[in-house]
Amino acid sequence: QWYSSPSGGATAFYLLEQAVDSVDSVYVDDVLQTITTDYTVNLTTGLVTFTSTVSEGTNNVKIQYTKGTGDRSKILGQKFCELFNGATDTRVCLYGDGTNRAYYSGIPYTTGLPSAEYFPDLNVLDIGDENTPITGMVRHFNKLMSFKPDGNGAYLTYYNTLTLSDGTTTAGFYTYPIDRDTGNDVYGQVKLVNNYPITLTNGAAYRWSLVYSSGTVDERSAKPISNRVSETMAGFTWDSVITFDDPFSREYWIHDTASDTTCIYSYVNETDYSASYKNNLWFIYTGIDATCFVLFNGEVYFGTSDGSLMKFSRDYRSDNGS
């Protein structure tokens with residue numbers, strides 16, 4: 001808490017809470033104070049008493065205290081993240097605990113800089129009804145798209161400012177639905193592919209777009225792109241599916257770890273990068289024992305179920321010697 005010492009000074013400063021566990025640090029004019037020598041603490045009443053009068057100042061007394069265990073476990077229980085703050089990527093949005101809530105990071109007053117370690121209590125996004133979870137988030141242009149299981153649709157969040165009752169302004173995030181039915185069924189696997197979000201639902205891959213035309217936005221575009229591999233994808237175990245985008249080769253991967261089968265979408269002709277989605281080719285690979293993918297220096301690596309690290313390349317004429 002920050003306090004402004006009144007005209008004439010003061011010695012007694014009350015915390016907002018009583019029965020606190022500890023007072024961890026006390027600063028006056030940014031100088032760390034020493035307990036007993038400079039101040040005393042009553043944990044029961046939440047009273048910090050200085051041994052001498054604190055001179056007048058604005059926010060010149062800073063007291064940090066602890067009460068309870070907080071919600072650290074709730075934040076650490078989130079499985080996925082997305083970066084978003086309107087047109088910039090200065091906040092971290094965490095989600096994936098099976099609820100409709102996402103938690104976004106704040107900016108500490110002490111530094112005024114973005115931090116991925118600070119999640120204020122009220123920085124919460126409630127996406128749709130509380131009975132269905134958020135399954136995916138992705139920033140598209142200057143908006144944040146959130147998806148829920150099929151039949152519960154997609155939502156759009158935009159950034160603005162919010163004026164508090166004391167006249168100060170803070171970040172405000174406003175969410176509204178854009179599609180009632182089509183969503184995403186596979187947790188954390190929404191990918192931004194060639195600047196288009198792709199979701200997986202109803203056994204198919206859907207490409208989304210926010211289309212700007214004449215100053216208006218058409219947010220209804222969700223088009224299936226996987227019709228030609230629908231028979232293969234129908235056999236996927238959706239809880240075991242992971243996705244990966246290789247922008248260097250212009251390939252989007254849908255990999256079923258249960259069957260080691262991969263459907264790869266080649267979304268740009270390699271000799272004409274302006275022909276986005278015009279070639280629209282699909283390839284099917286079998287026998288790829290991959291549990292995760294990573295792109296490093298323009299090359300694809302994957303981890304296997306036995307803990308090996310493998311490289312996927314056209315330079316090789318065998319599968320690890322086979």
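Before reading further, recall that the structure is shown in the block above.
Residues numbered from 1 in each chain as written. Predicted model: local features only at pLDDT ≥ 70, side-chain atom pairs only at ≥ 80, totals over all residues. Heavy atoms only, no water.

**So, the pattern of salt bridges**
Where charged atoms from two side chains of opposite charge approach closely, those side chains can pair. For the coordinates displayed, the defined rule picks out 4 salt bridges. Two residues, glutamate 251 and arginine 314, come together in a salt bridge whose shortest N-O distance is 3.5 Å. Here glutamate 251 is found in strand β21 (residues 251-256), whereas its partner arginine 314 is found in the segment after β26 (309-312), with 63 residues between them in sequence. By relative accessible area, which is 8% here, glutamate 251 ends up buried. Arginine 314 sits in the exposed class, given a relative accessible area of 57%. A salt bridge links glutamate 299 to lysine 311; the nearest nitrogen and oxygen atoms lie 3.0 Å apart. Taken together, the positions of glutamate 299 in strand β25 (residues 299-303) and lysine 311 in strand β26 put the pair 12 residues apart, joining distant regions of the chain. According to the relative accessible area criterion, glutamate 299 is partly exposed, its value standing at 29%. (Salt bridge = Lys/Arg side-chain N within 4 Å of Asp/Glu carboxyl O. Helix = DSSP H or I, 4+ residues; strand = E, 2+ residues; numbered from the N terminus. Buried < 20%, exposed > 50% of the residue type's maximum accessible area, 1.4 Å probe, protein only.)

**A word on the pairing of β21**
Among the 6 residues that make up β21, 6 are buried, leaving the element largely enclosed by the rest of the structure. Burial along β21 is two-sided: Glu251, Trp253 and His255 facing one way and Tyr252, Ile254 and Asp256 facing the other are all buried. In the sheet, strand β20 (residues 241-246) pairs with β21 via 6 bridges, with the strands oriented antiparallel. Bridging from a neighbouring strand, isoleucine 242 pairs with histidine 255 of β21. The hairpin formed by β20 and β21 contains 4 residues between the paired strands, and arginine 250 there has a positive phi angle of roughly 60°. Note: β21 against strand β22 (residues 261-268), 6 bridges, orientation antiparallel. For isoleucine 254, the partnering residue across the bridge sits in β22 and is cysteine 263. (Pairing = 2+ DSSP bridges.)

**Examining the nonpolar core**
For soluble globular proteins, nonpolar side chains are generally found buried alongside one another. Among the nonpolar cores identified, the biggest contains 17 residues, and Leu200, Met233, Tyr252, Ile254 and Trp282 are the most heavily contacted of them. Mapped by element, the contributors of at least two residues to this core are β17 (196-201), β21 and β22. Per-element tally for this core: the top contributor is β22, with 4 residues. Of all hydrophobic cores here, the second largest spans 15 residues; its members include Tyr3, Leu15, Val20 and Val48. (Core = buried A, V, L, I, M, F, W, Y, C linked by side-chain atoms within 4.5 Å.)

**Remarks on unusual backbone geometry**
Positioned with a positive phi, asparagine 59 is a non-glycine residue whose angle comes to about 55°. Note that asparagine 59 resides in the loop between β6 (47-54) and β7 (61-66). What makes asparagine 59 partly exposed here is its relative accessible area of 33%. One non-glycine residue, asparagine 320, lies in positive phi territory at about 55°. Secondary-structure assignment places asparagine 320 in the segment after β26. Look at asparagine 320 and you get exposed, because its relative accessible area is 64%.

**Some details on the pairing of β26**
Summarising the sheet, β25 and β26 pair through 4 bridges and their orientation is antiparallel. Within β26, the residue paired with glycine 303 across the bridge is leucine 309.

**Looking at the sheet that holds strand β3 (residues 22-28)**
With antiparallel pairing, the 4 strands of this open sheet are ordered in space as β1-β7-β3-β4. Single-partner strands in this sheet number two, and they are β1 (2-3) and β4 (31-32). Note that β3 and β7 share 6 bridges and pair antiparallel. Bridge pairing links valine 23 to tyrosine 65 in β7.

**Remarks on the packing of aromatic side chains**
The tally for this structure, following the rule as stated, stands at 18 aromatic pairs. Where phenylalanine 80 meets tyrosine 95, the ring centres are 5.7 Å apart and the plane angle is 35°; that geometry is what we call tilted. Taken together, the positions of phenylalanine 80 in strand β8 (residues 80-85) and tyrosine 95 in strand β9 (residues 88-95) put the pair 15 residues apart, joining distant regions of the chain. When its relative accessible area of 22% is taken as the criterion, phenylalanine 80 is described as partly exposed. Summarising the aromatic geometry, the rings of tryptophan 253 and phenylalanine 312 are spaced 4.9 Å apart at their centres and angled 80° between planes, so their arrangement reads as edge-to-face. Of this pair, tryptophan 253 sits in strand β21 while phenylalanine 312 sits in strand β26, placing them 59 residues apart in sequence. (Phe/Tyr/Trp six-rings, centres within 6.5 Å; stacked < 30°, edge-to-face > 60°.)

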